[in-house]
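Remarks on the overall topology
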Amino acid sequence: MGKSNLFRVSFKFRRGVYSTFLAGSVFLLVAVISGCGKASYPEGKIERAIQEICSKEYGIEEVEVKFTGKTVGVFLPLKKLFTTDVREEILAGRISNLESLFEPEPQALEQLENVLFTISRVLLSSDKSVDFYILEATDVESTGLQLILTGFVGDVKRVRLWDISRSEYRKRVLHELKFNRAVLWEKPIRDFFRDVADFDLEELAKRYFTAPITPDNVSPLLYQFLGSLKDKQNVRVELSTVRSQANPSSQALVYVKLKETYESR
């Protein structure tokens, strides 16, 4: 089976599969206590608030948050999304029970619920007008499978006030399963900038480069960055933008915008 067949299978059965997946998430999403008076999360601090809550309260460190108009998008990278390697099973033709095929990995489900709760908690206590949320939970380690949940913030408010039922709310949440090849290309880049704080230049070269790190093999900017690591401590690299595209040689070009903080030795 080719990639297009993988998409047809996943979309054909998505309603039955994901209604179960979402059932446990609805209570957490709507069980937010609203307050009166000044907004707890001002408009300019929403992105950071979602990231800090995920990090401090749930230990989820790599959540990315972006606003486009009145829509907030949240990217949740996961080591494993489903208990079964869905792509491998479908491509190999070993499908016996589709619902068990899409059984979420317990830790992934817990993280997804925690992020959903954080999104609702922040948006319902903010002075920023937001209409929609999109959560992309993505297996960035092996499969590139991506579960995308899209909801209307107004429905979150209505179900909290019992204006609509939880079952009706679940029907209104759009859910899609996609294959995101780009995250697999981006994984070694994300890992590399995470590891610069923990490994010396020799170890980084062994882990991430197929040729020696020299001015002839590495771009001047990257070579300067790597050469300066020996003079730094407590290095932290925050990736604000990661984009990728393929080229005709079956390789990928990954663009990264980053912010580096460190202390001089």
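Residues numbered from 1 in each chain as written. Predicted model: local features only at pLDDT ≥ 70, side-chain atom pairs only at ≥ 80, totals over all residues. Heavy atoms only, no water.

1. With respect to the side chain of lysine 187
Residue position: lysine 187 is located in helix α9 (residues 181-195). A distance of 2.6 Å separates a polar atom in the side chain of lysine 187 from a polar atom in the side chain of aspartate 191. Every residue in contact with lysine 187, bar those within four places of it in the chain, is listed here: Val140 and Glu141. (Helix = DSSP H or I, 4+ residues; strand = E, 2+ residues; numbered from the N terminus. Polar contact = N/O pair within 3.5 Å; in protein donor to acceptor, adjacent residues only side chain to side chain. Contact = heavy atoms within 4.5 Å.)

2. Side note on unusual backbone geometry
In this structure, asparagine 234 is a non-glycine residue whose phi angle is positive, near 50°. According to the relative accessible area criterion, asparagine 234 is exposed, its value standing at 55%. (Buried < 20%, exposed > 50% of the residue type's maximum accessible area, 1.4 Å probe, protein only.)

3. Examining helix α7 (residues 153-160)
Among the residues of α7, Val153, Gly154, Asp155, Val156 and Val159 are the ones counted as buried. Remark: tryptophan 162 follows α7 within two positions and exhibits a positive phi of approximately 60°.

4. Quick look at the pairing of strand β5 (residues 174-179)
Residues His175, Leu177 and Phe179 point to one face of β5 and are all buried, whereas Leu174, Glu176 and Lys178, pointing to the other face, are not buried. By the bridge criterion, 6 bridges tie strand β4 (residues 145-152) to β5 in an arrangement that is antiparallel. Looking at the pairing, glutamine 146 lines up with lysine 178 of β5. (Pairing = 2+ DSSP bridges.)

5. Considering the pattern of salt bridges
For the structure shown, the criterion picks out 16 salt bridges. Put simply, aspartate 191 and arginine 194 hold a salt bridge, and the shortest N to O gap is 3.2 Å. A residue pair is termed a helical-turn pair when its members lie 3 or 4 positions apart in one helix, as aspartate 191 and arginine 194 do in helix α9 at 3 residues. A salt bridge links arginine 236 to glutamate 238; the shortest N-O distance between them is 3.6 Å. Using a relative accessible area of 47% as the deciding quantity, one classes arginine 236 as partly exposed. Three or more residues joined by partner-sharing salt bridges are found here, namely Glu141, Lys187, Asp191, Arg194 and Asp195. (Salt bridge = Lys/Arg side-chain N within 4 Å of Asp/Glu carboxyl O.)

6. Re the nonpolar core
Residues Val63, Val74, Leu76, Val115, Leu123 and Tyr133 are the most contacted members of the largest nonpolar core, which totals 37 residues. Elements with a contribution of two residues or more to this core: α3 (46-58), β2 (71-78), α6 (106-123), β3 (132-139), β4 and α7. Dropping the residues within four chain positions of it, leucine 76 is found in contact with Ile60, Val63, Gln111, Leu112, Val115, Leu135, Glu136, Ala137 and Thr138. Counting 13 residues, the second-largest nonpolar core is a separate cluster that includes Ile213, Phe225, Leu229 and Val242. (Core = buried A, V, L, I, M, F, W, Y, C linked by side-chain atoms within 4.5 Å.)

7. Here we look at the environment of leucine 123
Within the secondary structure, leucine 123 is located in helix α6. For leucine 123, a relative accessible area of 8% gives the class buried. Between the C-alpha atom of leucine 123 and that of proline 42, which follows or precedes it by 81 residues, the distance is 9.8 Å. Apart from residues lying up to four places away in sequence, leucine 123 is in contact with Ile46, Val72, Val130, Tyr133 and Val153.

8. A few points about the confidence of the model for the protein
With 78% of its residues at a pLDDT of 70 or more, the protein shows a mean pLDDT of 79. The secondary-structure element of the protein with the lowest mean pLDDT is helix α1 (residues 3-12), recorded at 34, while α3 shows the highest, at 94. pLDDT under 50 marks residues 1-28. Its contacts with residues more than four places away, or in other chains, come to 49 contacts. Scored below 50 in pLDDT, residues 30-36 makes 10 contacts in the model with residues more than four places away or belonging to other chains. (pLDDT = per-residue confidence, 0-100.)

9. Section: the packing of α3 against α6
The contact between α3 and α6 brings their axes to 10 Å, and the two run at 140°. Judged by the inter-axis angle, α3 sits oblique to α6. Note on packing geometry: the crossing formed by α3 with α6 is right-handed. The segment α3 lies against α6, with Ile46, Ala49, Ile50, Ile53, Cys54, Glu57 and Tyr58 engaging Asn114, Val115, Phe117, Thr118, Arg121, Val122 and Leu123. Looking at the contact of α3 with α6, its residues break down into 10 nonpolar, 2 polar and 2 charged. (Axes fitted to C-alpha atoms, helices over the stretch in contact; angles between N-to-C directions. Parallel < 35°, antiparallel > 145°, perpendicular 65-115°, else oblique. Left-handed = near helix turned anticlockwise from the far one by under 90°. Nonpolar A, V, L, I, M, F, W, Y, C, P; charged D, E, K, R; others polar.)

10. Description of the pairing of β3
Two elements, β2 and β3, share 8 bridges in a ladder whose sense is parallel. When the sheet's bridge partners are listed, leucine 76 is paired in β3 with alanine 137. With 7 bridges joining them, β3 and β4 adopt antiparallel strand pairing. Paired with phenylalanine 132 across the two strands is phenylalanine 152, which belongs to β4. Linkage of β3 to β4, two consecutive antiparallel strands, is achieved through a turn of 5 residues, within which glycine 144 is found at a positive phi near 75°.

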